[in-house]
Amino acid sequence: MVGASVLNQPQQFLIPHEKKSPDIDFNLKGKECISLLKTCKNMKEFKQVHCQILKMGFFWSSFCASNLVSTCALSEWGSMDYACSIFEQIDDPTSFEFNTMIRGYTKDFNSKEAIFTYIDMLEIGVEPDNFTYPALLKACALLSAVKEGKQIHGQIFKLGFVEDVFVQNSLINMYGKCGLLRHSCEVFEQMDFKTVASWSAIIGAHANLGMWADCIRLFSNMSQEGCWRAEESTLVSVLSACTHLGALDLGKCTHGYLLRNLSGFNVAVETCLMDMYIRCGSLDKGMSLFQEMVGKNHKSYSVIISGLATHGYGEKALTIFEQMLEEGLKPDDVIYVGVLSACRNGGLVEKGMKYFNRMRLEHRIEPTIQHYGCIVDLMGRVGMVYEAFELIKKMPMDPNDVIWRSLLSSCKVHQNVELGEIAAENLFKLNTQNGGDYIMLSNIYAQAQRWHDVSLTRVKMVNKGLGQVVGSSLVEVKRKVHKFVSNDKSHHEFHEIYEMLHQMEWQLKFEGYSPDTSQVLLDVDEEEKRERLSAHSQKLAIAFSLIHTCEGSPIRIVRNVRMCSDCHTYTKLISVIYQREIIVRDRNIFHHFRDGICSCKDYW
DNA sequence: GACCGCAAAT
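The residue numbers shown here count from 1 along each chain, following its written sequence. Just so you know, chain letters begin at A and ligand numbers begin at 1, following the order they were written in. Local features in this predicted model are restricted to residues of pLDDT 70 or higher, and side-chain atom pairs are both shown and tallied only at a pLDDT of 80 or more, whereas totals for entire chains, interfaces and linings draw on every residue. As a convention, hydrogens and water are excluded, and side-chain values are obtained from all of the structure's heavy atoms.

**Q** Describe the side chain of Ser 111, with residues and values.
**A** When you line up the elements, Ser 111 lands in helix H7 (residues 111–124). Exposure classes here rest on a 1.4 Å probe applied to the protein chains alone. A residue is buried below 20% of its type maximum, exposed above 50%, and partly exposed in between. Owing to a relative accessible area of 2%, Ser 111 belongs among the buried residues under this scheme. Contacts are residue-level and defined by heavy atoms, with any inter-residue pair within 4.5 Å sufficient. If sequence neighbours within four positions are ignored, Ser 111 has contacts with Tyr 105, Ala 139, Leu 142 and Leu 143. Helix and strand definitions here come from DSSP, where helices need a minimum of 4 consecutive H or I residues and strands a minimum of 2 consecutive E residues; each element is numbered from the N-terminal end.

Rendered as structure tokens:
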């Protein structure tokens, strides 16, 4: 029989057991020990096997001890405390045991202890091997420990492990995670033989820093250099790059690649694909992926709900949310942000309030500042600016810049100078260095014809050394992403683009369009205002797409800042004249322009 | 006698 006290106290395992038990195999050999350990599915079973091995004499073979440590340290159900107590009983630990301990600590995100284990190893005089460094570098990557990482790189060099491809890949990753991309690239370029993991690591390093265009460039180099067998993880980085760049065609190719090379995806990849389609503007495709998905989890629901919300389908998002509840999944705070933003984007005030209360009372979720942000925005949107202000005052936390900016923007739409000034004052106190906030306030003054305040605000902005963020528009044509900024003349086809722009304007005039020059708050004459307005980046991107895409195909644009109301009106008319669906993603939502109407119902 | 590796997301 196995005693309970032994089960719970590993330190007793040196006490020999005298009583023989019929269910214990006393002829346990090394290989059998491994196969026995492999059958363990939890800590309880492991402890039983542990006892069984002890009874036949623990130090019969150090091999048994090694395997006990590695099973306990590396299994899903394992415990590092327990592994440690076994490890400490080993008289002459080898590099194998040390490596196992380092990996185990790293797996538990206890990178500090992993590094200490390595230091112990050196002090005891155990030589690290080529298995030691990948494990250790991973620990440094998790901690973003640049100093340690560099020191270890030096040791790797001295000990001659620098040619090991696993070590090289780990170095690329470590430097990437520490933000030292240049070092990652150096290691990568010096490699004689690159594996899929090397490419994955270097692409991942660029993805970590948001260098999306480089991710895609590297991905295409990868196949050119003969590395074809990309794996899920590589493609996830690529998909993520497509998502950020709004590169739908490339995302579709990646999807195809996944379909051709893998049999069945896991939920994470499916959700990632769904997110890519939705955030690249193809809501339909994302929706059908969602419906075909088996084993939907919180993340998948979260992606679809906030996706529907950003595309302006508030009601549909709420229906999916109800479905989720029916399936027995418990909502969390993230999903509720999606739900409340669905109400906000759809202008559903009553429903928004209802869900806000339900979140607190029924699902016992404490509202975070994001939830309050949604409600403030929701109230502001429908003109309840004073109510929104009251709510801000009652919030249990200090309002942040997002909250005040939201109120400020509502005050602009509903032309409320008094509250706008209060919102701006609070916003400026937070010192977020956002030039756009000053522009917003000066817009409010401009609408009220208070020109003196307009110029005062602008002077303040300049004195603070702030400027407006340069607005840009991305558009993908033939799997290549083109970027335009206002008045851009750097594109090699700029003559054709400006020619197209003139044609478009000429046709727009027939539809009764006249540029809304109030959007240009510069001290320049009317003619120059018109000039500046006519070459906003979004208009350039539309002109470029009209030249290069076939009739009737949709145009998808990704913007870095909110579009001005002139661009909004302009795009609505273009969608009628050229019979195109134009989908514009700005920082917050999607605008679907079709037949002269926008899905945002003219509120954004 | 032989046990361990790198890259990895929504």
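There is more to say, and it comes next.
**Q** Provide a residue-level description of the packing of helix H25 (residues 417–429) against helix H26 (residues 435–447), including the pertinent values.
**A** Two numbers describe how H25 lies on H26: the axes approach to 10 Å, and their chain directions differ by 165°. In terms of orientation, H25 lies roughly antiparallel with respect to H26. As for the relative orientation of H25 and H26, their crossing is left-handed in sense. From H25, Val 417, Gly 420, Glu 421, Ala 424, Leu 427 and Phe 428 reach across to H26, where they touch Asp 437, Tyr 438, Leu 441, Ile 444 and Tyr 445. Note on residue classes: Ala, Val, Leu, Ile, Met, Phe, Trp, Tyr, Cys and Pro are nonpolar, Asp, Glu, Lys and Arg are charged, and everything else, Gly too, is polar. Looking at the contact of H25 with H26 residue by residue, the class counts come to eight nonpolar, one polar and two charged. Throughout, an axis means a line fitted to C-alpha atoms (over the contacting stretch in the case of helices), and angles, computed between N-to-C directions, take values from 0 to 180 degrees. Roughly parallel means an angle under 35 degrees; roughly antiparallel means over 145; roughly perpendicular covers 65 to 115; every other angle is labelled oblique. Here is the rule for handedness: rotate from the far helix to the near one, and if that takes an anticlockwise turn smaller than a right angle the crossing is left-handed, while a clockwise turn gives right-handed.

**Q** Account for the protein's contact with DNA strand B, naming residues and giving values.
**A** In this text, near means that some heavy atom of the residue lies within 4 Å of the molecule or strand in question. For DNA strand B, the set of nearby residues contains 29 residues, the closest of which are Phe 63, Asn 130, Asn 169, Glu 231 and Val 236. Counted by atom, the contact set of DNA strand B within 4 Å of the protein is 40% sugar and phosphate. In the environment of DNA strand B, a base nitrogen lies 2.3 Å from a nitrogen or oxygen atom belonging to the backbone of Asn 130. In this structure, Asp 275 approaches DNA strand B through a side-chain N or O atom, which is 3.3 Å from a sugar or linking oxygen. Of the residues forming the surface near DNA strand B, the biggest block, five residues, is contributed by helix H10 (residues 165–177). Pairs of N or O atoms are called polar contacts if they sit within 3.5 Å, as long as, within protein, a hydrogen donor faces a hydrogen acceptor (for residues adjacent in sequence, only side-chain-to-side-chain pairs).

**Q** Explain the packing of H26 against helix H27 (residues 451–463) residue by residue, including any values.
**A** Running from amino to carboxyl end, H26 crosses H27 at an angle of 170°, the nearest separation of the two axes being 8 Å. Between H26 and H27, the crossing angle belongs to the class labelled roughly antiparallel. Contacts between H26 and H27 involve Gly 435, Tyr 438, Ile 439, Leu 441, Ser 442, Tyr 445 and Ala 446 from the first element and Trp 451, Asp 453, Val 454, Thr 457, Arg 458, Lys 460 and Met 461 from the second. Looking at the contact of H26 with H27 residue by residue, the class counts come to eight nonpolar, three polar and three charged.

By themselves, these figures tell us nothing about what the structure is for.
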